[in-house]
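Structural overview for review
One letter stands for each residue in the lines below.
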Amino acid sequence: MTAQQRMRGDVAVLVPAAGQGIRLGPGGPKALRSLRGEPLLVHAVRRVAAAPCVGCVVVAAPADSVAAVRDLLSSVHEHVELLVVAGGTTRQESVAAALGAVPDRYDIVLVHDAARALTPPELVERVAAAVRDGHAAVIPALPVVDTIKHVQPNGEVLATLDRSALRAAQTPQGFLRSVLVEAHAAAVDDHTDDAGMAEKMGVPVWTVPGEELALKITRPLDLAIAELLLDR
Ligand SMILES: Nc1ccn([C@@H]2O[C@H](COP(=O)(O)OP(=O)(O)OP(=O)(O)O)[C@@H](O)[C@H]2O)c(=O)n1
Ligand SMILES: C[C@](O)(CO)[C@H](O)COP(=O)(O)O
């Protein structure tokens, strides 16, 4: 057995998918919205499950759609264990619900947005590999392309930030399971990402290169862009 084969299936991926998608506009929960005929969640889980390191996917679905989501994903996850739980009213609650369902044998847990439906399996592998290499918390990150201003509530610019040191954080974010459990136990719901919670506990967070295809489908134009990117 090769080293790569030994690594197969040692990672659990949480996929929070219970958001309303308010910024995308009317049309139901975002993860269930269609991208060229299939829900965003199906696109996302198919790509996650294609990463050889993944053994288990836990989806946090809208509370009234748990059974429907299980059906929807029944043909998408042939090689992985799939669990579906009810999500909460915030992303953090949804992640915590999914984390609580991860089988005991997984020591590495990744947290991924259903909204990043085009994320390539290679990024899942890259993040998991960095955790295996000894980093307790890992995020994929991209350099920012715009000049970033710190702006006051009244609209006046306070400062221009040094862009060379700034990165946009993506998912999947990877953790030693014990770190993610502790971070969620300690966290107040302040809209940070999972790595932000680990950071607040003093855990060093490591970056790996992100992927433009891992864009978060947030607004209507993002959905149109994703449609164009689907064949890439
Ligand atoms: N209560 C929530 C809120 C968000 N999410 C998930 O967290 C991911 C990232 O959230 P975002 O893209 O902000 O989605 P929404 O919260 O749905 O978007 P909006 O803020 O526009 O309503 C999404 O996959 C979303 O389904 C979740 O599982 N449970
Ligand atoms: C986790 C995340 O995708 C990292 O960029 C992001 O924080 C989630 O977005 P939200 O708008 O805060 O739900």
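- As annotated in an unreviewed UniProt entry, the chain is 2-C-methyl-D-erythritol 4-phosphate cytidylyltransferase from Planosporangium mesophilum.
- Quoted verbatim from the Catalytic activity (unreviewed entry) field of UniProt, the annotation for the chain is "2-C-methyl-D-erythritol 4-phosphate + CTP + H(+) = 4-CDP-2-C-methyl-D-erythritol + diphosphate".

1. Observations regarding the site of ligand 1
- Close to ligand 1 lie 18 residues, the nearest being Ala18, Ile22, Arg23, Lys30 and Ser94.
- Interatomic distance of 2.8 Å between a backbone N/O atom of glycine 21 and an oxygen atom of ligand 1.
- One of the side-chain nitrogen or oxygen atoms of arginine 23 is found 2.7 Å away from an oxygen atom of ligand 1.
- Burial of ligand 1 by the protein amounts to 87% of the accessible area it has alone, namely 560 Å².
- More than half of the atoms of ligand 1 fall within 2 Å of the grid points belonging to the largest pocket.
- Considering only residue class, the shell around ligand 1 consists of six nonpolar, seven polar and five charged.

2. Comments concerning the nonpolar core
- Counting residues in hydrophobic clusters, the biggest one holds 35 residues, and the most contacted among them are Leu41, Val45, Val54, Val57, Val59 and Leu73.
- Every element with two or more residues in this core is listed here: strand 1 (11–16), helix 2 (40–49), strand 4 (54–61), helix 3 (66–72), strand 5 (81–86), strand 6 (108–111) and helix 5 (121–132).
- Counting residues per element, this core draws most heavily on helix 5, which supplies six residues.
- Residue contacts for valine 54: discarding those within four places in its chain leaves Gly9, Val11, Val13, Val48, Val80 and Val124.
- Cys56, Val102, Phe175 and Ala195 belong to the second largest nonpolar core, which has 23 residues in total.

3. Some thoughts on the site of ligand 2
- Taken together, Arg23, Arg91, Asp113, Arg116, Ala169, Thr171, Asp193 and Lys216 form the complete shell of residues around ligand 2.
- In the environment of ligand 2, an oxygen atom lies 3.0 Å from a nitrogen or oxygen atom belonging to the side chain of arginine 23.
- Contact between ligand 2 and aspartate 113: an oxygen atom at 2.5 Å from a side-chain N or O atom of the residue.
- Look at ligand 2: alone it shows 360 Å² of surface, and the protein chains cover 71% of it.

4. So, the pattern of salt bridges
- For the structure on display, the rule yields nine salt bridges.
- A salt bridge links aspartate 231 to arginine 36; its shortest N-O distance comes to 2.8 Å. Within this pair, whereas aspartate 231 is found in the segment after helix 8 (220–229), its partner arginine 36 is found in the loop between strand 2 (34–35) and strand 3 (38–39), the two being separated by 195 residues in sequence.
- Linked through salt bridges whose partners overlap, the residues forming this network are Arg91, Asp113, Arg116 and Asp194.

Conventions adopted
- Residues numbered from 1 in each chain as written.
- Chains lettered and ligands numbered in written order.
- Predicted model: local features only at pLDDT ≥ 70, side-chain atom pairs only at ≥ 80, totals over all residues.
- Heavy atoms only, no water.
- UniProt positions renumbered as here; feature names shortened; annotations may be inferred.
- Near = heavy atom within 4 Å.
- Polar contact = N/O pair within 3.5 Å; in protein donor to acceptor, adjacent residues only side chain to side chain.
- Areas by Shrake-Rupley, 256 points an atom, 1.4 Å probe, with all protein chains shown as cover.
- 1 Å grid on protein atoms, 1.4 Å probe; cavity = no way out; pocket = protein on both sides within 12 Å on 5 of 7 lines; lining within 4 Å.
- Sits in = over half its atoms within 2 Å of the grid points.
- Nonpolar A, V, L, I, M, F, W, Y, C, P; charged D, E, K, R; others polar.
- Core = buried A, V, L, I, M, F, W, Y, C linked by side-chain atoms within 4.5 Å.
- Buried < 20%, exposed > 50% of the residue type's maximum accessible area, 1.4 Å probe, protein only.
- Helix = DSSP H or I, 4+ residues; strand = E, 2+ residues; numbered from the N terminus.
- Contact = heavy atoms within 4.5 Å.
- Salt bridge = Lys/Arg side-chain N within 4 Å of Asp/Glu carboxyl O.

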